[in-house]
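Now for the letters of each chain:
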Amino acid sequence: MSEYNFAYLDEQTKRMIRRAILKALAIPGYQVPFASREMPMPYGWGTGGVQVSAACLMPEDTFKVIDQGADDTTNAVSIRKFFEKTAGVATTEETARASVIQTRHRIPETPLGEDQILVYQVPIPEPLRFLEPSEVETRKMHALEEYGLMHVKLYEDISRHGAIATAYAYPVKVAGRYVMDPSPIPKFDNPKLGDCPAIQLFGAGREQRIYALPPWTAVVSLDFEDHPFEASKAAADCALCGAGDSYLDEVIVDDEGGRMFVCSDTDYCRARRAAGHVGAQGAPEGVA
Amino acid sequence: MEAAALGGGFGDAPVDSARAFRAVMRAMARPGTVEVVAGAAPPAPLSVAAGVAVLVLCDPGTPVYLAGGHDTRGLRGWIGFHTGAPVVAERGDAMFALGVWESLAPLDGYALGEPEFPDRSATLIVEMDRLEPCGARLTGPGIKGGAALSLPEVAAFRDNAARFPLGLDFLLCCGDRLAGLPRSSHVEAG
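Residues numbered from 1 in each chain as written. Chains lettered and ligands numbered in written order. Predicted model: local features only at pLDDT ≥ 70, side-chain atom pairs only at ≥ 80, totals over all residues. Heavy atoms only, no water.

Draft legend 1. Examining the overall build of chain B more closely. Looking only at helices and strands, chain B features five helices and 12 strands. Computed over its C-alpha atoms, the radius of gyration of chain B comes to 16 Å, within 12% of the 16 Å expected for a compact globule of 190 residues. Taken along its principal axes, the extent of the C-alpha atoms in chain B is 45 × 30 × 30 Å. Per-residue burial for chain B yields a buried fraction of 55% across its 190 residues. For chain B, contacts bridging at least 24 residues in sequence account for 67% of all contacts bridging at least 6. (Helix = DSSP H or I, 4+ residues; strand = E, 2+ residues; numbered from the N terminus. Rg over C-alpha atoms; globule rule 2.2 N^0.38 Å. Buried < 20%, exposed > 50% of the residue type's maximum accessible area, 1.4 Å probe, protein only. Contact = heavy atoms within 4.5 Å.)

Here it is as structure tokens:
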């Protein structure tokens, strides 16, 4: 522990990030610029989330990291180890036991509680960026609440595909004011963003933006009256635990086109199997 | 520089400020809830909670305005030594303003942010005689249903919320307790 300042970042950097977090909470959905630091990992590996976590963690925390729902992927394991080493915090894979959860592209299936903080890693924080490349222009559009272009984009989806084809990073309107990119979570997770008891913080390291959703904030996925928002998932149950209500990953299992669907949230799947739930291709817990 | 200015800071700054920030963040994220903080022993008339907020949030990049009776030599020295924050004479130049409500008000003149950068706005750290979850009624983000907070008045906060997304944010301090009131909270007489 003597080699690093607590949670790696220096105190002045943490103060700057903390001020940005407070302004982000005061203006839900608005992207606060911050002076993102070089981190000992490349951009795209969660440097924004890591900086937000570093500014929030305290020694008593229990920290969980997920990457696409999984605790055991390279990105999740390395970030977990990073904070084990630099902040000395306890870590867990159980959603319910964690006080701070850093996530890439998923919201855990287990409902979050009042005392939890969810930190999202965000690649492109600006929901209008693919429609308008100029930061000057998008900033103006947010200031003027000029979001017509976003509805045009969703409408083009409908005219081309017959339905809104946007499946992840589905834009939302926060507290009736700012349109926000919820990070590339599947739209299946969008309904969990609003009226959530936990504090949700979003960090984009390369793009140098922090934004936030306070608890119990109204979050609406953009849609049309005749094409309402739909939280979609693969039409299957988890092959291992049988869950019908969780977001599923498709796994190719052979060269013949064989496939199976399994829970993307590894902790949720593990807990269900431990409780005795067995899917179509799952073995009962304890049997190899 | 008086010797008294040198004491009263965090004993273990990285860890103390991490715990204190959690309390400040929870307060700002959940308007109407009162958090207890510790770790600072600032000179009078600054409360422990306001002192903690200053230590957690202020540094050479954040001009501080000391309103009324809070503009003391002792406090200038303490803030200067522990945070390096410049003390400014004009409220419009401040990122943080400190004082009792009567000295801080009226709220004209503080930085409200700009339409394209509403985050460039001042945070007012208000010293209160009492801070209880009763009185004015709060609704908005961070609040399930409604909350109540003993605010010094209603009209100024209601007008502030009406400017959203521009506006001021408040940390209300009393002894070692603090509550947050962001611009997103709608305030009505309770």
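That was the structure; now back to the text.
Draft legend 2. Spatial organisation of the overall build of chain A. In terms of helices and strands, chain A carries six helices and 12 strands. Its C-alpha atoms give chain A a radius of gyration of 19 Å, near enough to 19 Å, the size a compact globule of 288 residues would have. Projected onto its principal axes, the C-alpha positions of chain A cover 60 × 55 × 35 Å. Expressed as a percentage of the 288 residues in chain A, the buried residues total 57%. Of all intrachain contacts in chain A linking residues separated by at least 6 positions in sequence, the fraction that spans at least 24 positions is 61%. Approximately 12,000 Å² of chain A is accessible, and the part contributed by carbon and sulfur atoms is 52%. Between the centroid of the 29 positive side chains of chain A and the centroid of its 41 negative side chains there is a distance of 6 Å. (Areas by Shrake-Rupley, 256 points an atom, 1.4 Å probe, with all protein chains shown as cover. Lys, Arg positive; Asp, Glu negative; His and termini not counted. Charge placed at Lys NZ, Arg CZ, Asp CG, Glu CD.)

Draft legend 3. Examining the interface of chain A and chain B more closely. Contact with chain A, which involves 43 residues of that partner, is made by 42 residues of chain B. A combined buried area of about 3,400 Å² lies between chain A and chain B, and 63% of that area is made up of carbon and sulfur atoms. If you sort the residues of chain A by the area they bury against chain B, Arg19, Leu22 and Lys23 of chain A come out on top, with a joint share of 19%. Here Glu114 of chain A and Arg30 of chain B are joined by a salt bridge, their closest N and O atoms 3.3 Å apart. Put simply, chain A and chain B have 19 residue pairs in polar contact (both at pLDDT 80 or more) between them. Looking at the side of chain A that touches chain B, the elements that each hand over two or more residues are α1 (11-26), β1 (32-33), α2 (47-56), α4 (135-143) and β8 (199-204) of chain A. Examining the composition of the side of chain A that touches chain B, we find that 11 residues originate from one element, α1 of chain A, more than from any other. Here the side of chain A that touches chain B is composed, by residue class, of 27 nonpolar, three polar and 13 charged. (Buried area = accessible area lost by both parts, 1.4 Å probe. Salt bridge = Lys/Arg side-chain N within 4 Å of Asp/Glu carboxyl O. Polar contact = N/O pair within 3.5 Å; in protein donor to acceptor, adjacent residues only side chain to side chain. Nonpolar A, V, L, I, M, F, W, Y, C, P; charged D, E, K, R; others polar.)

Draft legend 4. Looking closely at unusual backbone geometry. The omega angle of the peptide bond from Ala105 of chain B to Pro106 of chain B is -5 degrees, so this bond is cis rather than trans. Relative to the helices and strands, Pro106 of chain B resides in the loop between α4 (101-104) and β5 (112-114). At Ala7 of chain A, a residue that is not glycine, the phi angle is positive and equals roughly 60 degrees.

Draft legend 5. Spotlight on helix α1 (residues 13-29) of chain B. In this model, α1 of chain B (17 residues) spans 23 Å end to end at C-alpha, consistent with the 24 Å of a helix rising 1.5 Å per residue. Among the 17 residues that make up α1 of chain B, 14 are buried, leaving the element largely enclosed by the rest of the structure. (Expected span 1.5 Å × (residues − 1).)

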